[in-house]
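An overview of the molecular structure
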Amino acid sequence: MSEIQPADPVRLIESGCQDRIGVITLNCPARRNCLSSALIAQTIQAISELEKQGALVLILRAHEGAQVFSAGHDVRELPQGGRDPLGYEDPLEQLIRAVQDSRLPVLAMVEGTVWGGACDLCMSCDMVICAEDSTFTMTPARLGVPYNPSGLVRFLKNLGPHHAKELFFVARPFSAERARALRMVNHVVPREQLVEFTLDLARTIAANAPMAVQVLKMQFRALLKGQMLSAETFERIQEMRREVYESRDYLEGLAAFREKRPAVFLGE
Ligand code: YXS
């Protein structure tokens, strides 16, 4: 089980609570807010602390003026073959569950570009508000990574099969407007209005009946989990994914990223 590393002494996020609105800010610009296990550990801890402080709504954002909201999973932490790169205990999966299982509505406030697992993180939030110049890119096909079933279900439920397939197959940025048309985001606003627009939404939610809001979120969570996979289907999916993450192409995708060169995939 890939344990989440103890919170790194270097602060990779900021968090605070005002008027019962908790704000968690991804703040590791040097690595484009990539979702390292250390940053994830601090974010999960911040969610728990803000709940204890009595926050009624959470906002997840990047540092002010970010050109990159998050570059996605920390590629340096992806296993070098032989282990599922996106298994149930992967730190990113643990963060996504922490967001989904929090009783507080979590609003993703997005400025800048969003990549790979960070798109999935935004999809796992309860609402997404983004700046007009934001883009969303799903990268597994570009890196040779076999995405996981629970992630695919999130995209299927949000976008529907055709658009989810296009997002994953072409692995190119989707504009904010395209993302809104595909129901990936709730609102697209000018960057200079993003903070006030999001805070206004958060204040409105925080002014409603907390128990009713929180039980609504838990009901949505339970109902969205609804579809059952047969054990056989699940096992077949896992076998197909194992072939991918044990392939030469998977290692080539990681090497190409590290060496900052285009990957050369051979289909093996
Ligand atoms: O080379 P140094 O040490 O300066 O570090 C560079 C990058 O290596 C680092 N960095 C990352 N490190 C680990 N994991 C990442 N995902 C990652 N992204 C960036 O940050 C330093 C600055 O990056 P640089 O010079 O490229 O910045 P830039 O402003 O020129 O370009 C920003 C990006 C985001 C366009 C560029 O960094 C980029 O394309 N990053 C990778 C985006 C990506 O492919 N993300 C998917 C990660 S894999 C994932 O999420 C899932 C497993 S999956 O693919 O299945 O969805």
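These numbers were taken from a predicted model, which means no experiment stands behind them.

**Observations regarding the overall build of the protein**
- In terms of regular secondary structure, the protein is built from 11 helices and 10 strands.
- In terms of C-alpha radius of gyration, the protein reaches 18 Å, essentially the compact-globule figure of 18 Å for 268 residues.
- A buried classification covers 51% of the 268 residues belonging to the protein.
- As displayed, the protein has an accessible area near 13200 Å², and 57% of this comes from carbon and sulfur atoms.

**Re unusual backbone geometry**
- Of note, Arg20 is a non-glycine position whose phi angle comes to about 65°, a positive value.
- Relative to the assigned elements, Arg20 resides in the loop between β1 (13–18) and β2 (21–26).
- Take Arg20: its relative accessible area is 46%, and that puts it in the partly exposed class.
- Positive phi is not limited to glycine here, since Lys260 has a value of about 55°.

**Structural notes on the sheet that holds strand β8 (residues 135–137)**
- Judged by pairing direction, the sheet is mixed, and its 4 strands sit side by side in the order β4-β6-β8-β9 without closing on themselves. Sheet topology places β4 (68–70) and β9 (174–175) at the edges, where each strand pairs with a single neighbour.
- The sheet contact formed by β8 and β9 spans 2 bridges and is antiparallel. Directly across from Thr135, in β9, lies its bridge partner Ser175.

**Some remarks on the side chain of Ser36**
- Note that Ser36 resides in the loop between β2 and α1 (37–52).
- Leaving out residues up to four positions away in the same chain, Ser36 has contacts with Leu12, Asp74, Arg76 and Glu77.

**A closer look at the site of the ligand**
- The immediate surroundings of the ligand are formed by 21 residues, with Ala71, His73, Val75, Gly117 and Thr139 found nearest.
- Taking Arg31, its side chain carries an N or O atom lying 3.4 Å from a nitrogen atom of the ligand.
- One nitrogen or oxygen atom from the side chain of Arg32 is found 3.0 Å from an oxygen atom belonging to the ligand.
- For the ligand, the protein covers 72% of the area, taking 1000 Å² as the surface of the free molecule.

**Brief notes about the sheet that holds β2**
- One open sheet accounts for 6 strands, arranged β1-β2-β3-β5-β7-β10; its pairing is mixed. A strand with exactly one partner marks an edge of an open sheet, and here the two such strands are β1 and β10 (187–189). Here the strands of the sheet are splayed against their neighbours by 20° on average, with no regard to which way each runs.
- By the bridge criterion, 4 bridges tie strand β5 (residues 106–110) to strand β7 (residues 127–131) in an arrangement that is parallel. Bridge pairing in β7 places Val110 opposite Cys130.

**A short note on the packing of aromatic side chains**
- With the rule as written, the count across this model stands at 2 aromatic pairs.
- Taken together, a centroid distance of 5.0 Å and an interplanar angle of 85° make the contact between Phe155 and Phe168 edge-to-face. With a gap of 13 residues between them, Phe155 in helix α5 (residues 149–159) and Phe168 in helix α6 (residues 161–170) connect regions that are remote in the sequence.
- Note on Phe155: relative accessible area 0%, which makes it buried.
- Grouping aromatic residues by their ring pairs yields a cluster made of Tyr147, Phe155 and Phe168.
- One Lys or Arg, Arg97, reaches over the ring of Tyr88 and ends 3.6 Å from the middle of that ring.
- Its guanidinium or amino end placed over the ring of Phe174, Arg178 lies 4.6 Å from that ring's centre, counting from NZ or CZ.

How each quantity is defined
Residues numbered from 1 in each chain as written. Predicted model: local features only at pLDDT ≥ 70, side-chain atom pairs only at ≥ 80, totals over all residues. Heavy atoms only, no water. Helix = DSSP H or I, 4+ residues; strand = E, 2+ residues; numbered from the N terminus. Rg over C-alpha atoms; globule rule 2.2 N^0.38 Å. Buried < 20%, exposed > 50% of the residue type's maximum accessible area, 1.4 Å probe, protein only. Areas by Shrake-Rupley, 256 points an atom, 1.4 Å probe, with all protein chains shown as cover. Pairing = 2+ DSSP bridges. Contact = heavy atoms within 4.5 Å. Near = heavy atom within 4 Å. Polar contact = N/O pair within 3.5 Å; in protein donor to acceptor, adjacent residues only side chain to side chain. Axes fitted to C-alpha atoms, helices over the stretch in contact; angles between N-to-C directions. Phe/Tyr/Trp six-rings, centres within 6.5 Å; stacked < 30°, edge-to-face > 60°. Lys NZ or Arg CZ within 6 Å of the ring centre and 35° of its normal.

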